[in-house]
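Breakdown of the fold
These are the residues of each chain, in order.
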Amino acid sequence: MEQWVGCNALVTGASSGIGAATAKKFIEAGINVIGIARRLDRLEELSQQISTDETKFYPLQCDVTNETEILGVFEWIEANVGPISILFNNAGTLVVNPLGADGDLNIWKRTLYTNCLALSIFTREAIRVMKAHDIDGLIINNSSIAARYVPNHPLPNSSPNVYPATKFAVNALSNTLTNELRHEKSKIRVSCVSPGLTLTEIFRYEPPEVLAAVGDSIPFLTSENIADSVMFILSTPPDVQVISLIVPSIYSVICS
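Residues numbered from 1 in each chain as written. Predicted model: local features only at pLDDT ≥ 70, side-chain atom pairs only at ≥ 80, totals over all residues. Heavy atoms only, no water.

Phe26, Phe57, Ile140, Val193 and Leu234 are the most contacted members of the largest nonpolar core, which totals 31 residues. If you list the elements that add at least two residues to this core, you get strand 1 (8-12), helix 1 (17-28), strand 2 (32-37), helix 2 (40-50), strand 4 (86-89), strand 5 (138-142), helix 7 (223-235) and strand 7 (244-247). With sequence-adjacent residues up to four places away left out, Leu234 is seen in contact with Met1, Gln3, Trp4, Phe26, Ile31, Ile86, Leu138 and Ile140. Judged by nonpolar contacts, the second largest core, of 26 residues, contains Cys62, Val129, Leu181 and Ile188. (Core = buried A, V, L, I, M, F, W, Y, C linked by side-chain atoms within 4.5 Å. Buried < 20%, exposed > 50% of the residue type's maximum accessible area, 1.4 Å probe, protein only. Helix = DSSP H or I, 4+ residues; strand = E, 2+ residues; numbered from the N terminus. Contact = heavy atoms within 4.5 Å.)

So, about the packing of aromatic side chains. One pass over the structure, following the stated rule, counts 2 aromatic pairs. For the ring pair Phe74 and Phe122, a centre distance of 6.0 Å and an interplane angle of 50° mean the geometry is tilted. Separated by 48 residues along the polypeptide, Phe74 in helix 3 (residues 67-80) and Phe122 in helix 4 (residues 105-132) bring together distant segments of the chain. Classification of Phe74 as buried rests on a relative accessible area of 8%. (Phe/Tyr/Trp six-rings, centres within 6.5 Å; stacked < 30°, edge-to-face > 60°.)

A word on helix 4. Turn by turn, an α-helix covers 3.6 residues, leaving residues three or four places apart pointing in a common direction. Over its 28 residues, helix 4 runs 38 Å from end to end, which matches the ideal 40 Å to within 8%, given 1.5 Å per residue. The principal kink in helix 4, of about 45°, is found at Tyr113. Structurally, the start of helix 4 carries an N-cap: the backbone nitrogen of Asn106 is 2.9 Å from a side-chain oxygen of Asp104. A positive backbone phi angle near 55° is found at Asp134, which sits one or two residues after helix 4. (Expected span 1.5 Å × (residues − 1). Bend = angle between axes of the 7 residues up to and from the residue. Polar contact = N/O pair within 3.5 Å; in protein donor to acceptor, adjacent residues only side chain to side chain.)

With that out of the way, let us pick up the environment of Pro98. Its place among the elements puts Pro98 in the loop between strand 4 and helix 4. Residue classification places Pro98 among the partly exposed residues on the basis of a relative accessible area of 29%.

Glancing now at the sheet that holds strand 6 (residues 189-195). The strand order across the open sheet built from 7 strands is 3-2-1-4-5-6-7, with neighbouring strands paired in parallel fashion. Sheet topology places strand 3 (57-61) and strand 7 at the edges, where each strand pairs with a single neighbour. Put simply, the sheet's adjacent strands are angled 15° from each other on average, direction ignored. Bridge count for strand 6 against strand 7 is 4 bridges, and the pairing is parallel. What sits directly across from Ser194, in strand 7, is Ile246. (Pairing = 2+ DSSP bridges. Axes fitted to C-alpha atoms, helices over the stretch in contact; angles between N-to-C directions.)

Before going further, it helps to examine the pairing of strand 6. Across the 7 residues that make up strand 6, a large majority, 7, are buried. What you see with strand 6 is no split at all: Arg189, Ser191, Val193 and Pro195 on one side and Val190, Cys192 and Ser194 on the other are buried throughout. Sheet topology note: the strand 5/strand 6 ladder contains 5 bridges and is parallel. Along strand 6, the bridge assignment pairs Ile139 with Val190.

Once that is clear, we can look at the packing of helix 4 against helix 5 (residues 163-183). Relative orientation of the contacting elements helix 4 and helix 5 amounts to 20°, with a least axis distance of 8 Å. In terms of orientation, helix 4 and helix 5 fall into the roughly parallel class. The way helix 4 lies across helix 5 gives a crossing that is right-handed. On helix 5, the residues that touch Thr111, Leu112, Asn115, Cys116, Leu119, Ser120, Thr123 and Ile127 of helix 4 are Tyr163, Thr166, Lys167, Ala169, Val170, Leu173, Leu177 and Leu181. For the contact of helix 4 with helix 5, a count of residues per class yields 10 nonpolar, 5 polar and 1 charged. (Parallel < 35°, antiparallel > 145°, perpendicular 65-115°, else oblique. Left-handed = near helix turned anticlockwise from the far one by under 90°. Nonpolar A, V, L, I, M, F, W, Y, C, P; charged D, E, K, R; others polar.)

It is worth spelling out the packing of helix 3 against helix 4 at this point. Look at helix 3 against helix 4: their axes get within 11 Å of each other, and the N-to-C directions meet at 30°. Between helix 3 and helix 4, the crossing angle belongs to the class labelled roughly parallel. Crossing of helix 3 against helix 4: the hand is right-handed. Contacts between helix 3 and helix 4 involve Glu67, Ile70, Leu71, Phe74 and Glu78 from the first element and Tyr113, Ala118, Ile121, Phe122, Arg124, Glu125, Ala126 and Val129 from the second. Grouping the amino acids of the contact of helix 3 with helix 4 by side-chain chemistry returns 9 nonpolar, no polar and 4 charged.

What follows concerns the side chain of Glu125. Its place among the elements puts Glu125 in helix 4. We classify Glu125 as buried; its relative accessible area is 9%. Of the polar contacts made by the side chain of Glu125, one reaches the side chain of Arg124; its length is 2.8 Å. Ignoring sequence-local partners within four residues, the contact set of Glu125 consists of Leu71 and Phe74.

Attention shifts here to helix 1. Given a rise of 1.5 Å per residue, 12 residues ought to cover 16 Å, and the 17 Å separating the end C-alpha atoms of helix 1 matches this to within 8%. When helix 1 is considered as a whole, its buried residues turn out to be Ile18, Gly19, Ala20, Ala21, Thr22, Ala23, Phe26 and Ile27. Just past helix 1, the residue Gly30 takes up positive phi, approximately 85°.

Here is the structure:
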C-alpha cells in the first residue's frame, strides 16, 4: 500500500455509499481524494469529516452525464491538485423502468450514460493524465454481481430496468481496455469489482419491510465491505493485476 501514499485518487459518486466509504479508506491510507458527485453539500460535509492535516478530500460538484463538466473536473485537478494515480469509477444509477411497452427512453439513456459512457469518459481522461505524467496508475471500475447473472429478487422498486445490461457492459469495457493497454505495453492496470447486494442509497425507494425480508435470506453487504475490497486491489504489487473481484454475500448464488 505504501506505493500510493501521497498520491491522488479520483472517486466518482463519492457523496454516499461505496464511494464515500472508499474515499474514507483512501484518506486513512494517506491517499488524497478528489470526490465528485452532484450533491456538493454532502461532499463538503464528508471533507470536513475525513480530511486530515496531511491528506485531503477535495469536493467537486459534477454531473457525470455532462462531458463538459467532466473535462472541467480534470482541468481543475491538474491546476490545483496535480495528476491522479488512481481512478475509482463508482458513480452509477438504478431506476425502475420496464424494458417492455412502458419503457422510458430518457431513463434508458441516462442509465446507459451514467453507468457506461461517463465511466468511459473518466477513464479516457485519466489515462491521458497518467500517460502524460508517466504514472503507472490504477483504474478500478465498480460493476455488480448483476453483471454475472440477472437477479430475480423481490425488490419491486429496483427491477425491471437496464441496470444489469449496463453492468455487463462495464465488465466488457474493463476487459477491452485491459487488452488495449497490454498491446501498448502500458503498466496502467484495470480492475473490476463486482459487489453483491449492498445496502446503499441505490435501494432508497424500497419499503423497509421488503429490504428486511430480503436481508433475512441474503444478507446485505455494507459499503465498507466493498471499500475493503477496493483496498485489497490497491494492496497488490505493481506486477499483479486483479482483473475481476466478485464480492457476494455468503449466501448469494453465482452464475458465470
